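Residue-level structure breakdown
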Amino acid sequence: MTRRVVVTGLGTVNACGNDVDTSWNALLAGESGIGRITRFNAELLEMPCLIAGELKGWNATDWVQKRDIKKLDLCAQYGIAAATQAWADAGLGENGFDPERFGAILGTGIGGLDSIEETHTTIMEKGPQRVSAFFVPKMMANAIAGQLSIRFGLQGPSFITASACASSNHAMALALRSIRSGECDALITGGAEATITSMGMAGFNAMRAMSRRNDDPAGASRPFDKNRDGFVMGEGAGILLFEELEHAKQRGARIYCEVLGAGMSSDSHHITAPAPGGIGPQRSMRLALKDGGLDPSTIDYINAHGTSTALNDVAETEAVKAVFGDHARELCMSSSKSMVGHLLGASGGVEAIFTVRSIADSKVHPTINQEEADPDCDLDYVPNVAREMDIRYALSNSLGFGGHNVTLAFGKYEGD
């Protein structure tokens, strides 16, 4: 018998709030977390994009002891904050689980970019002798998985996936398979990212990938809208607790929903541009449906990758039409990035949380800034206003540079 996997804990920090309820309520209200960059002086550096989805009211000492802050990149700090929330939400204490059957599989697109940039500046200004001994363990991409396994005493599989914007979804797909296979009973999964730095912003600016709607930050991320002009960088983490169903029931855990399937594919087309017609996302969605034993007609909602870029939004729309046929006009889609920005490797984790809450709460958050319809993006993107609706089955898409596509399938848990 296939081992079933459920979600029992959620935690996030993002531009719309530093916990799940705050950020979820902000999204339901259609409130954007995008604003002018305060982390560094982007205007002085003459950057074309001066806006991002920064965390507000972030205080590392709420989650990490003061003496340890210098040992942790922002990426790891965000991951620790979100994981601590998910751990508490799942009702896990210091005892009551087998550490050898509990692991941490996380995603990040880049990892410790802030530490890399800061250390390069130190070398240029003060010399290599002044580089911190903490530099390597801070900047390495796997730091977040290692830090969480140490913090919570997890002795099962512990590693990261790095596939750009698909990183978190790859991590969750592998977490699902690990529990199904019998390797683990539970896993911390999702992802973290902290790339609002001068180096990160400069790189994406050079690609002309980001919105330049600097005078209207809240209106800058506008997925599927005719006048979209690029994505808006976000930051933070989205962490979920995946658990084998019987294990969760035995300890009396609250179950949000069931993780039904995952599909993974590659475009094999271009390092940054999606393949025409969304052939990669088509495959990942079909594989997720097959893995979950779901008929396309049963899907009620898709949390879209929805970046607010010209090519991606059209390709994802075309993929949905190809997979769902006439049903594509009956289901609804929305993009969390319209409010929290694009968290790169952490985007899938945050968006999975919002997908889970959609199922649990029977509500769908809107895609804000839907003002003028794009004739090539003509599906129901839940424009501007949240919607109450019963959601039995939902998908969450993540599409990454490199042509990586991952779709997760979630379903309402209604007992045995």
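Here's what I pulled together on the structure shown here. (Residues numbered from 1 in each chain as written. Predicted model: local features only at pLDDT ≥ 70, side-chain atom pairs only at ≥ 80, totals over all residues. Heavy atoms only, no water.)

Glancing now at the overall build of the protein chain. Summing up its helical and strand segments, the protein chain has twelve helices and 14 strands in all. Against the globule reference of 22 Å for 416 residues, the protein chain gives a C-alpha radius of gyration of 20 Å, in line with a compact fold. For the C-alpha atoms alone, the extent of the protein chain along its principal axes is close to 60 × 55 × 40 Å. A burial count over the protein chain gives 60% of its 416 residues as buried. Sequence separation of 24 or more characterises 78% of the internal contacts of the protein chain that already satisfy a separation of 6 or more. For the protein chain, the accessible surface area stands at approximately 15800 Å², while carbon and sulfur atoms represent 50% of it. (Helix = DSSP H or I, 4+ residues; strand = E, 2+ residues; numbered from the N terminus. Rg over C-alpha atoms; globule rule 2.2 N^0.38 Å. Buried < 20%, exposed > 50% of the residue type's maximum accessible area, 1.4 Å probe, protein only. Contact = heavy atoms within 4.5 Å. Areas by Shrake-Rupley, 256 points an atom, 1.4 Å probe, with all protein chains shown as cover.)

A pair of packed helices is captured by two measures, namely the crossing angle of their axes and the spacing between those axes. Running from N to C, helix H2 (residues 74–89) and helix H5 (residues 143–152) cross one another at 40°; their axes reach a closest spacing of 10 Å. Here H5 runs oblique to H2, going by the angle between their axes. Crossing geometry of H2 relative to H5 is assigned as right-handed. In contact with Cys75, Ala76, Gly79, Ile80, Ala83, Thr84 and Trp87 of H2, H5 contributes Ile144, Gln147, Leu148, Arg151 and Phe152. For the contact of H2 with H5, the per-class residue count stands at eight nonpolar, three polar and one charged. (Axes fitted to C-alpha atoms, helices over the stretch in contact; angles between N-to-C directions. Parallel < 35°, antiparallel > 145°, perpendicular 65-115°, else oblique. Left-handed = near helix turned anticlockwise from the far one by under 90°. Nonpolar A, V, L, I, M, F, W, Y, C, P; charged D, E, K, R; others polar.)

Here we take up the nonpolar core. Membership of the largest hydrophobic core comes to 45 residues, with the highest contact counts inside it found for Val7, Leu10, Leu240, Phe242, Val356 and Phe410. Of all the secondary-structure elements, those providing two or more residues to this core are strand E1 (5–13), helix H1 (20–28), helix H6 (167–181), strand E7 (236–244), strand E8 (257–266), helix H11 (337–340), helix H12 (347–361) and strand E14 (404–411). When neighbours within four sequence positions are excluded, valine 7 is seen to be in contact with Leu240, Leu241, Phe242, Arg254, Ile255, Tyr256, Cys257, Val259, Val356 and Phe410. (Core = buried A, V, L, I, M, F, W, Y, C linked by side-chain atoms within 4.5 Å.)

So, about the sheet that holds E7. The sheet built from ten strands is open, its strands ordered E5-E4-E6-E7-E1-E8-E14-E13-E9-E10 with mixed pairing. Edge positions in the sheet fall to strand E5 (158–161) and strand E10 (332–334), since each has one partner strand and no second. This sheet shows a mean twist of 25° between the axes of neighbouring strands, independent of strand direction. The sheet strands contacting H2 are E1, strand E4 (102–107), strand E6 (186–193) and E7, and the helix crosses E1 at an angle near 135°. The strands touched by H5 within the sheet are E4, E5 and E6, with E5 carrying the most contacts at an inclination of about 150°. (Pairing = 2+ DSSP bridges.)

Now for empty space enclosed by the protein. Remark: the empty space left among the atoms is shown by a probe the size of a water molecule rolled over them. Summed over the entire model, instances satisfying the criterion amount to one cavity of 30 Å³ or more. Estimates place the volume of the largest cavity at around 50 Å³. As for the largest cavity, its lining consists of Asp73, Cys75, Ala76, Gly111, Gly112, Lys138, Met140, Ala141, Ala143 and Ile144. For the lining of the largest cavity, the secondary structure elements donating two or more residues are H2 and H5. Here the residues of the lining of the largest cavity are counted per class, giving six nonpolar, two polar and two charged. (1 Å grid on protein atoms, 1.4 Å probe; cavity = no way out; pocket = protein on both sides within 12 Å on 5 of 7 lines; lining within 4 Å. Points joined across faces, edges and corners; volume = space filled by probe spheres on them.)

Any two side chains of opposite charge can pair if their charged atoms end up close together. Enumeration over the complete set of coordinates arrives at 24 salt bridges. Here lysine 412 and aspartate 390 are joined by a salt bridge, their closest N and O atoms 3.5 Å apart. Of this pair, lysine 412 sits in the segment after E14 while aspartate 390 is found in the loop between strand E12 (387–388) and strand E13 (393–400), placing the two residues 22 residues apart along the sequence. Of the residues examined, aspartate 390 reaches a relative accessible area of 52% and is grouped as exposed. (Salt bridge = Lys/Arg side-chain N within 4 Å of Asp/Glu carboxyl O.)

This part is about the layout of surface pockets. Looking at the largest pocket, its volume works out to about 560 Å³. Taken together, 36 residues line the largest pocket, and the ones lying closest to its centre are Thr272, Pro274, Thr309, Asn312 and Phe401. Those elements that provide at least two residues to the lining of the largest pocket are helix H10 (310–324), E13 and E14. By residue number, the principal contributor to the lining of the largest pocket is H10, which donates four residues. In terms of residue class, the lining of the largest pocket is built from 17 nonpolar, 14 polar and five charged.

Okay, unusual backbone geometry next. Phi is positive for serine 268, which is not a glycine, with a value near 55°. In this fold, serine 268 is placed in the loop between E8 and helix H9 (279–292). Even without being glycine, serine 362 reaches a positive phi, approximately 55°. One can find serine 362 in the loop between H12 and strand E11 (363–364).

If you trace the backbone, alanine 162 turns up in the loop between E5 and H6. Sequence separation of alanine 162 and glycine 400 is 238 residues, and the distance between their C-alpha atoms is 10.0 Å. Excluding anything up to four places from it in sequence, alanine 162 contacts Thr108 and Ser167.

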